[in-house]
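The residues making up each chain are set out below.
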Amino acid sequence: MRKLLLLTIFCVHLTSLAQDKWDLSYFLPDGVTYDSNIPTPKDIIGHEVGEWHVTHDKLMFYMKTLAEKSDRITIENRGETFEGRPILLLTVTSPKNHQKIEQIREEHIALTENGTDLDTSNMPIIVYQGFSIHGNEPSGANAGLAYAYYLAAAQGPEIEEILDKMVILMDPSFNPDGLQRFAYWANTNKSINLVSDNNEREYHEVWPGGRTNHYWFDMNRDWLPVQLPESRARIASFHKWLPNILTDHHEMGTNSTFFFQPGEPTRVHPLTPKINQELTEEIGTYHAKALDKIGSLYYSEEGYDDYYYGKGSTFPDVNGSIGILFEQASSRGHIQESENGLLTFPFTVRNQFTTALSTIVAAKNMREKILNYQRTFYQDVKTEASKSKTKGIVFGDSKDGAKAWHLAEILKRHQIKVHDLNNDASINGKSYKKGKSYVVPMDQKNPRLIKAMFEKRTTFTDSLFYDISAWTFPLAFNVDYTEVNSLSNAGELITTLTPISGSVSGQSNYAYLFEWNEYYTPKALNSIMEKGLRAKVAKSPFTLEGKTYDYGTIMIPVQNQELSPAELYGFMEKIAKESMLKITSVGTGLTKGIDLGSNDFDPVKKQKVAIIVGDGIRSYDAGEIWHLFDTRYNMQLSKIDLAYLNTVDLSKYTDIILPSSNGNAIDKSSTSNLKEWVKNGGTLIGYRNVAEWFAKNEFMKLKFKKDTLVAKNISFDQKRDFNGAQVTGGAIFESILDRSHPINYGYKNSDLALFRNTNVYIEPDKDSYNNPIQYTANPLLSGYISEENLELIKNTVPFQVQRMGKGRVVAFTDNTNFRAFWYGTNKLLMNAIFFGEMM
């Protein structure tokens, strides 16, 4: 009866709000007075909160104004997004606390280090509140307008006590670029007479939508990898303060209500302490009370999990903090019909405001309990490390310093201590080189975070995951790593991680050589091609002047080039520095093995690459590829939209990439256009489910293993979980490589870890040389896969290449560029592009 009453109130409230005007008081709590010297949002941005979707520039302007007008608020710009928007952070506390803010921060950090004697009875609690990491989930950032006003202007003993006992770090927009993109869409499609029809254009954004940042990344998956500028800013702030509570305000489907954590009890990462979830549940009682007061429906402990530490609501949990996810039913515009009545944008904003406020009320009342929990967390993890037989982890790649350097870079961003390797070493049969290897001691502040990043886990209490089930970083980077019970190989502690220096051994009048193993070799080769220079690639190993060169070695002859020998040397020095390469100058072509003039050196051609994007293409996958080309390898990439693909002259492109898509994304005319282009010599590269599209449309002849699982003894209410358990949401699998095949140039080991989040399984070709990458008979390295799918994946192939006329068609079943941190397989795509004609 109580739920029915609440639903009735909810629907009536939404309908009345849709018909009437509202003002700022609609969001604010009753019985509070406000400082008239503090401007309201409308005073500065020109419209009421919830009347229009706030653009990031207006949001920024209001926050800066509050910082100027209020002695409770300071503001800092922590960097810029890819589109040049500032990444702001507000620090909100009492004027008295502001005068000693650094002292408060240092004492708070001391609590997590050697804080056994610190008195928490008067210590401020630290709360980090972040809004709208998904740009088209805008109620959070818009609620931030009213919330920041409340923090700056509210008067009375309640707010004064909160600000005296608390430091609030307010991130008004986790995703400035995405918020701006969505605000443009919602505002340009708004009518004076608001239209609630679900078919209205306002509620159907054009591809790729405002959810993501500039390169179409889901930034709520980047808290652990830290690959994006927005993430780097917030992670720096997080570790600078180690907040006790971090909130993350999201939106979900229009027909939902409101969710707050805790989530599913069985889907919590084992490294998260049980008391963390108990405290989260206690904080949840404050949200429930606040939402009850305004008649809003809500739910908890279902639907969402606390497993992947790369999410904003889960990352804090492995750092002694408490992460809290809020999910508000989305109006996706200004007003929309829903199963719960008319859902208005102001109402969604109000719920977010209400729970932002209930968070700090909970923090105030639970302050000592939460501070003491954080202190105990760091004491416990330090004790764990001292008792463990594993004293450290050594990782590196003897032929690729850049990859290992970037992994060390991520660790340093998380304030994990990293040491140089003191000398070249062989550990458990693996070769580690000084300068290309690192040592991570486990006896440091947060060894649990290190464990979360390096562990392999294949057993789980639940078979459903909201996100990926594995992210083992050394596997993602394809570096060797060994757990050690001694730190005898540890060299100097790295205080500043200096980029690897590239160099050329000297000027040559004959040729320059560099192996293909280093991460940035594609960047170097592309620069060489763009300069109009000739280069060749070795199809076999050889030894020259005492050095052995592997498959894929690049040779740049000195003679018959556009540059003089001296100019070429200067250019090669520039390339070496930009790409972290060691380039060797040689004075002869006579080798042990293939000579430099051999026909086993194939010429490399300048590549012009395009990628197909648009409605029906998975934007995440497309964005990862765009980001790889643009930010890592400095390669131009033409983005061709499906909307006009059938009219494009494709003859100018050597390679076209087709990311994963829905089966009906490409029309018959575009399909024919692509076929003709391939037959004339192009290389078409498809990802994930595109392999099935290739087979269906006769681009390739492929056989697939299919799931024949039948649901037996499964009741109707178990159907969802049964089907969900068959999803391979993100796990890591072992493959074996034929290193002589061009697709594998640059890989020194015969095994490679691959990330997979599909159930597409290609049967191997009858000829073994056509299976250069093949899953092993026992492939699972880390993560969850159902028993049925584990049987299917065994000995299948994640890569195939076949001729079509003069061209090639390449299929990858796995994502080689996952979330920008899967450095270890980026080169597979580059090999398909530069060496596709050799396959």
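Going along each chain's sequence as written, the residues are numbered from 1 onward. Where local features are concerned, this predicted model is filtered to residues with pLDDT of at least 70; where side-chain atom pairs are given and counted, the filter is 80 or more; whole-chain, interface and lining totals use all residues. Side-chain descriptors were evaluated using all non-hydrogen atoms of the structure, hydrogens and water having been removed beforehand.

Lay out the overall build of the protein in plain terms, naming residues and giving numbers.
Each helix corresponds to a stretch of at least 4 residues labelled H or I by DSSP, and each strand to a stretch of at least 2 residues labelled E; elements are numbered beginning at the N terminus. Assigned secondary structure in the protein consists of 23 helices and 38 strands. What you see for the protein is a C-alpha radius of gyration of 28 Å, in line with the 28 Å of a compact globule of 839 residues. Dimensions along the principal axes, computed over C-alpha positions, put the protein at roughly 90 × 65 × 60 Å. Taking all 839 residues of the protein together, the buried fraction comes to 61%. Contacts were defined at the residue level, with two residues in contact if any of their heavy atoms lie within 4.5 Å. Counted over contacts in the protein with a minimum sequence separation of 6, partners at least 24 positions apart contribute 79%. Computed with the Shrake-Rupley method and a 1.4 Å probe, the accessible areas treat only the protein chains shown as cover for residues. Only carbon and sulfur atoms are counted for the fraction: they give 47% of the accessible area of the protein, which is about 32,400 Å². Here the protein carries 90 positive and 100 negative side-chain charges, and the mean point of each set is 4 Å from the other. Radius of gyration here uses only the C-alpha atoms, and the compact-globule reference equals 2.2 Å multiplied by the residue count raised to the power 0.38. Using a 1.4 Å probe on the protein chains alone, a residue whose accessible area is under 20% of its type maximum counts as buried, one over 50% counts as exposed, and one in between counts as partly exposed. Note on charges: Lys and Arg go in the positive column, Asp and Glu in the negative column, and His and the chain ends are not counted at all. Taken as the charge location is NZ of Lys, CZ of Arg, CG of Asp or CD of Glu.

How would you summarise the sheet that holds strand S21 (residues 536-538) if you had to cite specific residues and measurements?
Sheet architecture is open: 6 strands sit in the order S19-S25-S20-S24-S21-S27, paired in mixed fashion. Edge strands, defined here as strands with exactly one partner in the open sheet, are strand S19 (503-504) and strand S27 (601-603). Across 3 bridges, S21 lies against S27 in antiparallel orientation. Note on S27: the bridge partner recorded for Val537 is Asp602. Two strands pair if DSSP finds at least two bridges between them.

Outline the pattern of salt bridges, supporting the account with residue identities and numerical values.
Here, a salt bridge means any Lys or Arg side-chain nitrogen found within 4 Å of an Asp or Glu carboxyl oxygen. Tallying each qualifying case throughout the model produces 36 salt bridges. Between Asp467 and Arg221 there is a salt bridge, with its nearest N and O atoms 2.5 Å apart. Taken together, the residues span a long stretch of sequence, with Asp467 in the loop between helix H14 (447-454) and helix H15 (473-476) and Arg221 in the loop between helix H8 (176-188) and helix H9 (229-241) at a distance of 246 residues. Across this residue pair, the class does not change: Asp467 and Arg221 are buried. It is possible to trace a salt-bridge network through shared partners that takes in Glu137, Arg211, Asp218, Arg221, Asp467 and Arg819.

So what about a negative patch on the surface? Which residues, and what values?
Judged by side-chain charge, Glu278, Glu281, Glu301 and Glu302 come together as a negatively charged surface patch. Judged by its relative accessible area of 39%, Glu301 falls in the partly exposed class. Like charges are joined within 9 Å and nonpolar side chains (Val, Leu, Ile, Met, Phe, Trp, Tyr) within 5 Å, but only among residues with over 30% relative accessible area and no salt bridge; these make up the patches.

Could you give me a rundown of the environment of Met63, with the residues and numbers involved?
Mapped onto the secondary structure, Met63 falls in helix H3 (residues 56-69). Classification of Met63 by relative accessible area gives buried; the value is 0%. Through-space distance from the C-alpha of Met63 to that of Glu113 is 33 Å; in sequence the pair is 50 residues apart. Here Met63 is in contact with Ile75, Leu90, Gly144, Leu145, Ala148, Met170 and Pro172, once residues within four sequence places are set aside.

Mind laying out the sheet that holds strand S4 (residues 125-131), listing which residues take part and the relevant values?
The strand order across the open sheet formed by 7 strands is S2-S3-S6-S4-S7-S9-S8, and the pairing between neighbours is mixed. Only two strands of the sheet have a single neighbouring strand rather than two, namely strand S2 (73-80) and strand S8 (258-260). For this sheet, the mean inter-axis angle between neighbouring strands, taken without regard to orientation, is 20°. Examined bridge by bridge, strand S7 (residues 245-252) and strand S9 (residues 322-329) share 8 bridges and lie parallel to one another. Opposite Met252, over in S9, you have Ala329 as the bridge partner. Orientation is described by axes fitted as lines to C-alpha atoms, over the contacting stretch for helices, and by angles from 0 to 180 degrees between their N-to-C directions.

An account of the nonpolar core is requested, with residue identities and associated values reported.
Within soluble globular proteins, side chains that are nonpolar generally end up buried alongside one another. Residues Tyr147, Phe395, Phe629, Ile657, Leu829 and Phe835 are the most contacted members of the largest nonpolar core, which totals 235 residues. Take this core: its biggest share by element is 11 residues, from helix H6 (residues 139-153). Look past the residues within four positions of Tyr147 in its chain and what remains in contact with it is Gln129, Phe131, Ile168, Met170, Phe353, Ala356, Leu357 and Ile360. Put simply, a nonpolar core is a bunch of buried Ala, Val, Leu, Ile, Met, Phe, Trp, Tyr and Cys residues held in one set by side-chain atoms that sit within 4.5 Å of each other.

Summarise the pairing of strand S38 (residues 807-812); cite the residues concerned and give the values.
Successive residues of a regular strand alternate their side chains across the two faces of the sheet. Among the 6 residues in S38, 6 count as buried, and that is most of the element. With burial as the criterion, each face of S38 is covered, one bearing Gly807, Val809 and Ala811 and the other bearing Arg808, Val810 and Phe812. Pairing geometry for strand S31 (residues 683-687) and S38, over 5 bridges, is parallel. What sits directly across from Ile685, in S38, is Val810. As paired strands, strand S37 (residues 799-804) and S38 are joined by 6 bridges and run antiparallel to one another. In the strand pairing of S38, Met804 is matched with Gly807. Where S37 folds back onto S38 in an antiparallel hairpin, the turn is made up of 2 residues, including Gly805, whose phi is positive at roughly 60°.

Requested: an account of the side chain of Thr344, with residues and values cited.
Here Thr344 lies in strand S11 (residues 341-344). Relative accessible area serves as the criterion here: at 2%, Thr344 is assigned to the buried category. Polar contacts involving the side chain of Thr344 include one to the main-chain amide nitrogen of Phe347, which spans 3.2 Å. We define a polar contact as two N or O atoms separated by no more than 3.5 Å, with the added condition that, inside protein, one atom must be a possible hydrogen donor and the other a possible acceptor, whereas residues neighbouring each other in sequence contribute only through side-chain atom pairs.

Break down unusual backbone geometry for me, with residues and values.
Between Trp207 and the following residue, Pro208, the backbone shows a cis peptide bond with an omega angle of 5°. Within the element layout of this structure, Pro208 appears in the loop between H8 and H9. Cis geometry is adopted by the peptide bond preceding Pro262, which originates at Gln261 and carries an omega value of 20°. Within the secondary structure, Pro262 is located in the loop between S8 and helix H10 (274-294). Phi is positive for Leu242, close to 45°, though the residue is something other than glycine. Relative to the assigned elements, Leu242 resides in the loop between H9 and S7. The backbone of Asn634 sits at a positive phi, close to 50°, despite the residue not being glycine. Looking at where Asn634 falls in the secondary structure, it is placed in the loop between helix H18 (619-632) and strand S29 (637-641).

Tell me about H10, and name the residues and values.
Under the convention used throughout, the expected extent of a helix is 1.5 Å for every residue step, that is, one less than its residue count. Between the first and last C-alpha of H10 there are 31 Å, a value that for 21 residues agrees with the 30 Å anticipated at 1.5 Å per step. Taken together, the buried positions of H10 are occupied by Asn276, Gln277, Leu279, Thr280, Ile283, Gly284, His287, Ala288, Ala290, Leu291 and Ile294. Tucked inside the fold, the buried residues of H10 contact S7, S8, S9, helix H11 (345-365) and helix H12 (367-387). Two residues or fewer after H10 comes Gly295, characterised by a positive phi angle close to 75°.

Can you tell me about H18, naming the residues and giving the values?
The terminal C-alpha atoms of H18 lie 19 Å apart, and with 14 residues this matches the ideal 20 Å at 1.5 Å per residue to within 8%. In terms of residue burial, H18 counts as a mostly covered element, since 11 of its 14 residues are buried. The complete set of buried residues in H18 reads Ser619, Asp621, Ala622, Gly623, Glu624, Ile625, Trp626, His627, Leu628, Phe629 and Arg632. Next to the buried residues of H18 lie helix H16 (521-530), strand S28 (609-613), S29, strand S30 (655-658), S31 and helix H23 (826-834). Note on H18: the residue one or two positions beyond its end, Asn634, has a positive phi of about 50°.

Would you mind going over the confidence of the model for the protein in detail, with residue names and values included?
What pLDDT expresses is the predictor's confidence in each residue, scored from 0 to 100. Per-residue confidence for the protein gives a mean pLDDT of 95, with 97% of residues at or over 70. Within the model, pLDDT remains below 50 along residues 1-16, and this stretch shows 23 contacts once partners closer than five positions in the same chain are excluded.

Got a sec to walk through the packing of aromatic side chains? Specific residues and values, please.
Centre-to-centre distance and the angle between the planes together describe a pair of aromatic rings. Stacked, edge-to-face and tilted labels apply to pairs of Phe, Tyr and Trp rings (six-membered ring for Trp) whose centres lie within 6.5 Å, assigned for plane angles under 30 degrees, over 60, and everything in between, in that order. Inspection of the entire model under this criterion finds 56 aromatic pairs. Look at Tyr147 and Phe353: their rings are 6.2 Å apart centre to centre, the planes differ by 80°, and that puts the pair in the edge-to-face class. Of the two residues, Tyr147 is situated in helix H6 and Phe353 in helix H11; the sequence distance between them amounts to 206 residues. Of the residues examined, Tyr147 reaches a relative accessible area of 0% and is grouped as buried. Note on Trp516 and Phe834: the rings are 6.2 Å apart at their centroids and 80° apart in plane angle, and the pair reads as edge-to-face. You can see Trp516 sitting in the loop between strand S20 (511-514) and H16 and its partner Phe834 sitting in helix H23, a full 318 residues away along the chain. The residues Trp516 and Phe834 share a single accessibility class, namely buried. A cation sits over an aromatic face here: Lys430 above Tyr481, 5.7 Å from the ring centre. A cation sits over an aromatic face here: Lys523 above Tyr520, 5.7 Å from the ring centre. By definition, being over a ring means that NZ of Lys or CZ of Arg is both within 6 Å of the ring centre and within 35 degrees of the ring normal.

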